[in-house]
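# Notes for the structure review
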Amino acid sequence: MNLYLYLDRDTFVHRLDPRTKILLLLASFAMALLFSHPFYVASVLGLILLYCALGGSLGNLRKIWFLLLTIGLLSLAGWSLFARGQTPLFWRVTWESFSYGLATAIKIDTMIVAGVIFLSTTKNEEVTLALIRLGIPYSAAFAFSMALRLVPTFAGTASTVVEAQRSRGLDLESGNVLERAKKYIPLLAPVFLNTIRSTDQLAMALEGKGFGSRRGRTFYLEIGFKKGDFLALAITLALLALALVMRMAGFGRIPGLSA
Amino acid sequence: MREVVTMWRYTKMVVLAALTAAVYAAILIPLKGFPLIPGFTEFRPANVVPIVFGLLFGPAGAWGSALGNLIGDFFGTLSLGSLFGFVGNFFYGFVGYKIWGHMGWLSSGKGVDIRSGRQFLEYALVVFLSSAICAAIIAWGLELLGLLPFAILGSIITLNNFFTALVLGPLLLWLLYPRVYRWDLLWTDIMDEKDVSTHLSPGFGALFMWSGGLGGLIAGLALSTGLYGAVPFTFGAGTVGGAVVLGVLPFLALFFLGCLLM
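Here the structure is a predicted model, which is why all the values come from computation and not from measurement. (Residues numbered from 1 in each chain as written. Chains lettered and ligands numbered in written order. Predicted model: local features only at pLDDT ≥ 70, side-chain atom pairs only at ≥ 80, totals over all residues. Heavy atoms only, no water.)

The next point concerns the overall build of chain A. Along its length, chain A carries 11 helices and 2 strands. The order of α-helices and β-strands along chain A, N terminus first, is α-α-α-α-β-β-α-α-α-α-α-α-α. At 23 Å, chain A has a C-alpha radius of gyration far larger than the 18 Å of a compact globule built from 259 residues. Judged by the C-alpha coordinates and their principal axes, chain A covers about 65 × 60 × 30 Å. When the 259 residues of chain A are sorted by exposure, 51% land in the buried category. Taking the contacts inside chain A whose residues are at least 6 apart along the sequence as the reference set, 76% of them involve residues at least 24 apart. As displayed, chain A has an accessible area near 13300 Å², and 64% of this comes from carbon and sulfur atoms. With 26 positive and 15 negative side-chain charges, chain A shows a spacing of 4 Å between the two charge centroids. (Helix = DSSP H or I, 4+ residues; strand = E, 2+ residues; numbered from the N terminus. Rg over C-alpha atoms; globule rule 2.2 N^0.38 Å. Buried < 20%, exposed > 50% of the residue type's maximum accessible area, 1.4 Å probe, protein only. Contact = heavy atoms within 4.5 Å. Areas by Shrake-Rupley, 256 points an atom, 1.4 Å probe, with all protein chains shown as cover. Lys, Arg positive; Asp, Glu negative; His and termini not counted. Charge placed at Lys NZ, Arg CZ, Asp CG, Glu CD.)

Below, the structure written as structure tokens:
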């Protein structure tokens, strides 16, 4: 059961060190947050989509287009009502608040697209190793890695339980909210018990293999910075610096907005 | 909060954190609920996991909730908001085990196997505070980044978390607690007392946690919707940005101080 977005391809982005990809992800977030004018935020989105195409990940965006649309609409509607401006458009919506809502909708979608690129081009094992190399304690990174591996197994168990209970006549679609909520009990209890029962076995297996017995560890997977990483980081830093200079020079703002 | 750090020395606690994270993320997928606000949020049975596993597995449940929420974002919604989702979900699982039994006359004086009205009352209060602080942290974070108004996210997260955990939690705890107790998997059975924080001032701690958690949510909603100073039956001209961020911040600080005192 493959639930993850990772696409096994051999692109320039796939070959980058996972730490480089984490830094590019953070830089994408920062660039998206610097501006509040829709034109400038859309320009950042354009750059991110170019990066997405380089990573061969555009196909994954099709899977989440509805999510991007609904989050964008929520943001547009919310900020149009909550932010304030000076040029009335309709009801309490002003041209400035609408522009800000639109910019924020693009901002959120830009960040999600950047996240999708990262997940489409980075294996779970690489994410874990990058976290360890970036200073996250091994036990915490291991728990994260173990959880990532177990999600498909548990999701499969949960699906099996749902199908088994449905075949016995459990109807999740009828009744009011309270009745429908209570129907989740026979689904959740077996999943939880199954999970909890495996704790001792897993802990013993880990300790049997020397988990936590030594501080220093070696890893089967090796990562390291190459020329491509330095090139990608240099381009990203230059773009980030340019965006910062533009922001400080007053570009990318919406005049008359009080948000 | 010492146990939040020292728990990583215990293999069983590491495994419990991983299992909590995995089950939280996993049941989000096949047990997707029905929409509360179509397109925006839905009734999620998975929201009961941080509360139930937090009460049973303590800090492992809290860390597992945070990691599980982050993994949930790995299915397409990873963004800077995930950072605040991580912190908010950590405290969603943290509050329960920390404050249970420390709310004076409101506490039942018994364990978390919900078998009496007094235990249910204590459980409902714990769920409410957990939901409120989770909502306040996430909504505050997204307001800080200028991504979503506090009022929208604060109210939706509070109601969603509270409702789910209130309906599903008592029955699940009633079923799970005796088994977890029998299998010696309660966090208090796994961790040594020396690795658990000493209660510096549980009374003040609980008071600060309540004042900070509830106060933060109320202040955020009031400032964001313009309820403060608003005329009845009109849509308030709310405040966004700096005022909400600064208005909620002291309450969050008070909540964290309360956590340190517990």
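So, next bit.
All right, on to the overall build of chain B then. Across its full length, chain B carries 10 helices and 2 strands. In chain B, the succession of α and β elements from N to C terminus is α-α-β-β-α-α-α-α-α-α-α-α. When the 262 residues of chain B are sorted by exposure, 64% land in the buried category. Restricting to contacts in chain B with at least 6 residues of sequence separation, those with at least 24 account for 76%. As displayed, chain B has an accessible area near 9200 Å², and 71% of this comes from carbon and sulfur atoms.

Below, the discussion takes up helix α5 (residues 95-121) of chain A. End to end, α5(A) covers 39 Å across 27 residues, agreeing with the expected 39 Å (1.5 Å per residue, within 8%). When you tally the buried positions in α5(A), you get 24 out of 27 residues, the bulk of the element. (Expected span 1.5 Å × (residues − 1).)

Residue and element names in this part refer to chain A. Mapped onto the elements of the fold, Thr20 is located in helix α1 (residues 18-34). Each C-alpha atom, one on Thr20 and one on Leu233, is 7.0 Å from the other, the two residues being 213 residues apart in sequence. Residues within four places of Thr20 in sequence aside, it is in contact with Phe225, Asp229, Ala232 and Leu233.

Here we take up the interface of chain B and chain A. At the junction of the two partners, chain B supplies 67 residues and chain A supplies 70 residues. Around 6100 Å² of area is buried between chain B and chain A when both sides are counted, 85% of it from carbon and sulfur atoms. Applying the counting rule to chain B against chain A returns 1 salt bridge. Taking the shortest distance from any N to any O, the salt bridge between Asp200(A) and Lys12(B) comes out at 3.0 Å. Taken together, chain B and chain A are joined by 5 residue pairs in polar contact (both at pLDDT 80 or more). When residues of the side of chain B that touches chain A are traced back to their parent elements, those giving at least two are α2 (11-28), α3 (48-57), α4 (59-73), α7 (150-182) and α9 (202-225) of chain B. A total of 13 residues in the side of chain B that touches chain A trace back to one element, the largest contributor, which is α2(B). For the side of chain B that touches chain A, the residue count by class is 49 nonpolar, 13 polar and 5 charged. (Buried area = accessible area lost by both parts, 1.4 Å probe. Salt bridge = Lys/Arg side-chain N within 4 Å of Asp/Glu carboxyl O. Polar contact = N/O pair within 3.5 Å; in protein donor to acceptor, adjacent residues only side chain to side chain. Nonpolar A, V, L, I, M, F, W, Y, C, P; charged D, E, K, R; others polar.)

Time to look at the state of the cysteines. Should the sulfur atoms of two cysteines be covalently bonded, the bond is a disulfide. Residue and element names in this part refer to chain B. Within the structure shown, the criterion is met by 0 disulfides over all chains. Of all cysteine sulfurs, the one in Cys259 lies closest to Cys134, which takes part in no disulfide; the gap is 13 Å. A relative accessible area of 2% means that Cys134 is categorised as buried. (Disulfide = S-S within 2.5 Å.)

This part is about the domain arrangement of chain A. When the parts of a complex come together, some accessible area is lost, and that lost area is often used as the size of the interface. Residue and element names in this part refer to chain A. Here chain A is described as being made up of domain 1 (1-136 + 242-259) and domain 2 (140-197). Taking only C-alpha atoms, the centre of domain 1 and the centre of domain 2 are 32 Å apart. Contact with domain 1, which involves 10 residues of that partner, is made by 11 residues of domain 2. Surface buried jointly by domain 1 and domain 2 totals about 810 Å² across both partners, of which 74% is contributed by carbon and sulfur atoms. Remark: the boundary between domain 1 and domain 2 carries 1 salt bridge. For Arg149, the salt bridge identified is with Glu125, shortest N-O distance 3.7 Å. At the junction of domain 1 with domain 2, the criterion picks out 0 residue pairs in polar contact (both at pLDDT 80 or more). Tallied by class, the residues present in the side of domain 1 that touches domain 2 amount to 7 nonpolar, 2 polar and 1 charged. (Domains from an automatic or database assignment.)

We now examine unusual backbone geometry. Residue and element names in this part refer to chain B. Positive phi, normally seen in glycine, also occurs at Asp184, with a value near 55°. Tracing the sequence through the fold places Asp184 in the loop between α7 and α8 (187-190). Judged by relative accessible area, which is 45%, Asp184 ranks as partly exposed.

Our next topic: the nonpolar core. With 170 residues, the main nonpolar core has Phe192(A), Leu56(B), Ile99(B) and Leu172(B) as its most contacted residues. Once residues lying within four places of it in the same chain are set aside, the contact partners of Leu172(B) are Ile185(A), Leu188(A), Ala189(A), Phe192(A), Val48(B) and Val52(B). (Core = buried A, V, L, I, M, F, W, Y, C linked by side-chain atoms within 4.5 Å.)

Residue and element names in this part refer to chain B. The contact between helix α5 (residues 81-99) and α9 brings their axes to 11 Å, and the two run at 150°. By the angle class used here, α5 and α9 are roughly antiparallel. The interaxial crossing formed by α5 with α9 has left-handed handedness. Contacts between α5 and α9 involve Val95, Lys98 and Ile99 from the former and Ala206, Met209 and Trp210 from the latter. (Axes fitted to C-alpha atoms, helices over the stretch in contact; angles between N-to-C directions. Parallel < 35°, antiparallel > 145°, perpendicular 65-115°, else oblique. Left-handed = near helix turned anticlockwise from the far one by under 90°.)

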